[in-house]
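An overview of the molecular structure
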Amino acid sequence: MLMPMRPSLRLLAIALVLLCLGCAANRRRGTRGSDGGSPGGDGGTGDASAPRDGGGVDGGARDGGGVDGGVTDGGSDAGPPGVCGNGVTEAGEECDLGSDNGPGSCCTAGCAAAADGTPCEANGETECSGADTCLSGACDPHDLASGTACGAGTGEPTCDPDACDGAGACVDAAPLADGSACSDGGGNTCCSGGCTASATAGVCDPCALPTVTPLRITVIESQSMMASHDMDARWRDTLAPLGHTVTIRPQTALDDSTSLLAGADVLIVSSGLIDLPAGRVDTIGEFFAAGRGVYIQSEYQTTYSPNVAFATLVSRYGGSFTWSSTVSGSLTPTVQGCWATEPESVSSMSYFWYGATGSGSVESVLVHSGQPVGFAFCGSSAGRGLLLTTTDQDWVRQSTSHAEAPVLMRNFLARLAFADRC
């Protein structure tokens, strides 16, 4: 039989039950992040130092994505965007070359990598390096492989084996000794760095020349002086069939040395009456000083501008020359030395109407009755070319009527092509 509970004990039991129910409710509110502000609660926000799992706002630590002054374990912070143009690749940028961003580089002005194939600037386009273009965000110079023939080695890989170094530069190798065997260029013997067709293999013929490869020849026009003065066309018609690119250009072409140097291997000034002021003489001099061949047509009057230009350039580049006088009449000059034998044989001229003679540190090319009327000058320093003149333009103008004239023109070109061997 149960004993009846005292009233005081019943009240105590009811209080304990109510207390337990309140604790359970507080715990449930705490797991939801409720912030009721009750002091001393387990799950509330009254205790600012207590850790939470919920997303409430407070100064404590969280696992969730709330905003507070403490440590945040969840979420992400990408930081401020990069500053394009400061030279540092930062967030949101594919590249940053600083002031080099934009055209000419592989990083655009907006710090994005330029598309493959976009022109750029590395070491420039040279004989050992192709056109610079972007590849995978970098400027590729397209350098030719090490050992690729270049410079003199392009025409004479056996006797003068200049080659690319793999980094865009052409390395100037020492030529093989004279008499060395060779097989390129149609020759058999190395002489002065070229493979020449010597009559006796292993013995250098001082007149022998390598085979002339196709050249870019600029002819300064003559017909503006007089329609019948078609020496420019005679040079073109004689040399173009040999496979050369012959371009007749106006006299003003001599005002632009950069263009002339870039576009020609040999320069022919075809008129003996052309005006050659100081600036144009300077252009011809630059061409000669670059190691190339120049033919200046002069005339019987020693005071004509081309005559003066020839004497000026000889003196400027280490020689001496003085015009003497006019040689009158119909002349038949003989062709001198190697000019008469290489690459073809020609002994004398049947037509040469008047001329001029002179003397100095030059080679006589044509001589009439002991008087030189054609001259050649080699520069006194390494790298300087060949300067050639004859003192009558009519032998060229009448070249279609005199069989020996085209032969001499071809011989002239052969030696002008190898100006460094004069």
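Scroll up to find the structure.
Now for a description of the structure that goes with this document. Keep in mind it's a predicted model, so treat the numbers as computed, not measured. (Residues numbered from 1 in each chain as written. Predicted model: local features only at pLDDT ≥ 70, side-chain atom pairs only at ≥ 80, totals over all residues. Heavy atoms only, no water.)

What follows covers the environment of L260. Mapped onto the secondary structure, L260 falls in helix α4 (residues 257–263). For L260, a relative accessible area of 1% puts it in the buried group. Between the C-alpha atom of L260 and that of E286, which follows or precedes it by 26 residues, the distance is 9.7 Å. Once residues within four sequence positions are removed from consideration, L260 is found in contact with T218, R249, L254, L267, T283, F287 and R292. (Helix = DSSP H or I, 4+ residues; strand = E, 2+ residues; numbered from the N terminus. Buried < 20%, exposed > 50% of the residue type's maximum accessible area, 1.4 Å probe, protein only. Contact = heavy atoms within 4.5 Å.)

This paragraph deals with the environment of C107. Residue position: C107 is located in the loop between α1 (7–31) and β1 (133–135). Residue C107 is classed as buried on the basis of its relative accessible area of 1%. Once the C-alpha coordinates of C107 and E94 are considered, the two residues, 13 residues apart in sequence, prove to be 8.1 Å apart. Setting aside residues no more than four positions away along its own chain, C107 makes contact with C95, D96, L97, N101, G102 and A112.

Take the nonpolar core next. Core analysis: the biggest nonpolar cluster contains 34 residues, and I217, W235, W395 and F412 have the highest contact counts within it. Take this core: its biggest share by element is seven residues, from helix α8 (residues 404–417). If we ignore the near neighbours within four places in the chain, the residues touching F412 are W235, Y295, W339, V365, L388, T390 and W395. Grouped together as the second largest cluster of nonpolar side chains are 28 residues, L254, Y317, F377 and L387 included. (Core = buried A, V, L, I, M, F, W, Y, C linked by side-chain atoms within 4.5 Å.)

Let us look at the side chain of S105. For S105, the location among the structural elements is in the loop between α1 and β1. On the accessibility criterion, S105 (13% relative accessible area) is buried. For S105, the side chain forms a polar contact with the main-chain oxygen of D100, separated by 3.0 Å. One polar contact links the side chain of S105 to the main-chain carbonyl oxygen of C107, over a distance of 2.9 Å. Aside from chain neighbours lying at most four places away, what touches S105 is L97, D100, A114, P119, C120 and C134. (Polar contact = N/O pair within 3.5 Å; in protein donor to acceptor, adjacent residues only side chain to side chain.)

The omega angle of the peptide bond from E342 to P343 is -5 degrees, so this bond is cis rather than trans. Inspection of the secondary structure puts P343 in the loop between β12 (334–335) and β13 (353–360). Of note, the phi angle at C111 is positive, near 65 degrees, even though the residue is not glycine. For C111, the position within the fold is in the loop between α1 and β1. A residue is classified by how much of its surface remains accessible, and C111, at 2% relative accessible area, is buried. Not every positive phi belongs to a glycine, and H142 is a case in point at roughly 55 degrees. Residue H142 is classed as partly exposed on the basis of its relative accessible area of 35%.

Before going further, it helps to examine the packing of helix α5 (residues 278–289) against helix α6 (residues 305–316). Across the interface, α5 lies against α6 with an axial gap of 10 Å and an inter-helix angle of 50 degrees. Judged by the inter-axis angle, α5 sits oblique to α6. Relative to α6, α5 is oriented so that their crossing is right-handed. Where α5 approaches α6, its residues V281, D282, I284 and G285 are matched on the opposing element by A309, T312, L313 and R316. Residues of the contact of α5 with α6, tallied by class, amount to four nonpolar, two polar and two charged. (Axes fitted to C-alpha atoms, helices over the stretch in contact; angles between N-to-C directions. Parallel < 35°, antiparallel > 145°, perpendicular 65-115°, else oblique. Left-handed = near helix turned anticlockwise from the far one by under 90°. Nonpolar A, V, L, I, M, F, W, Y, C, P; charged D, E, K, R; others polar.)

The next thing to look at is the state of the cysteines. In this structure the tally under the stated criterion is 10 disulfides. At a sulfur-sulfur separation of 2.1 Å, the disulfide partner of C84 is C111. One disulfide, between C84 and C111, carries an S-S torsion of 100 degrees and so falls in the right-handed class. Of this pair, C84 sits in the loop between α1 and β1 while C111 sits in the loop between α1 and β1, and the two are 27 residues apart along the sequence. (Disulfide = S-S within 2.5 Å.)

Before going further, it helps to spend a moment on α8. Between its first and last C-alpha atoms α8 spans 20 Å; for 14 residues at 1.5 Å apiece the expected length is 20 Å, and the two agree. For α8, a buried count of 12 out of 14 residues is recorded, marking the element as mostly surrounded by other parts of the structure. Of the residues making up α8, those classed as buried are E404, A405, P406, V407, L408, M409, N411, F412, L413, A414, R415 and L416. (Expected span 1.5 Å × (residues − 1).)

A word on the sheet that holds strand β8 (residues 245–249). The eight strands are arranged β8-β7-β9-β10-β16-β15-β14-β12 in an open sheet whose pairing can be described as mixed. Bordering the open sheet on either side are β8 and β12, each of which pairs with just one other strand. Where strand β7 (residues 216–220) meets strand β9 (residues 266–269), four bridges bridge the pair, whose relative direction is parallel. Paired with I220 across the strands is V269, a residue of β9. Against the sheet, helix α3 (residues 231–239) engages β7, β8, β9 and β10 (293–297), with an angle of about 170 degrees to β8. (Pairing = 2+ DSSP bridges.)

Turning our eyes to something else, we now look at a nonpolar patch on the surface. A surface patch of nonpolar side chains, amounting to about 240 Å² of accessible area, comprises M225, M226 and L273. Positionally, M225 belongs in the loop between β7 and α3. (Patch = residues over 30% accessible without salt bridge, like charges linked within 9 Å, V, L, I, M, F, W, Y side chains within 5 Å. Areas by Shrake-Rupley, 256 points an atom, 1.4 Å probe, with all protein chains shown as cover. Salt bridge = Lys/Arg side-chain N within 4 Å of Asp/Glu carboxyl O.)

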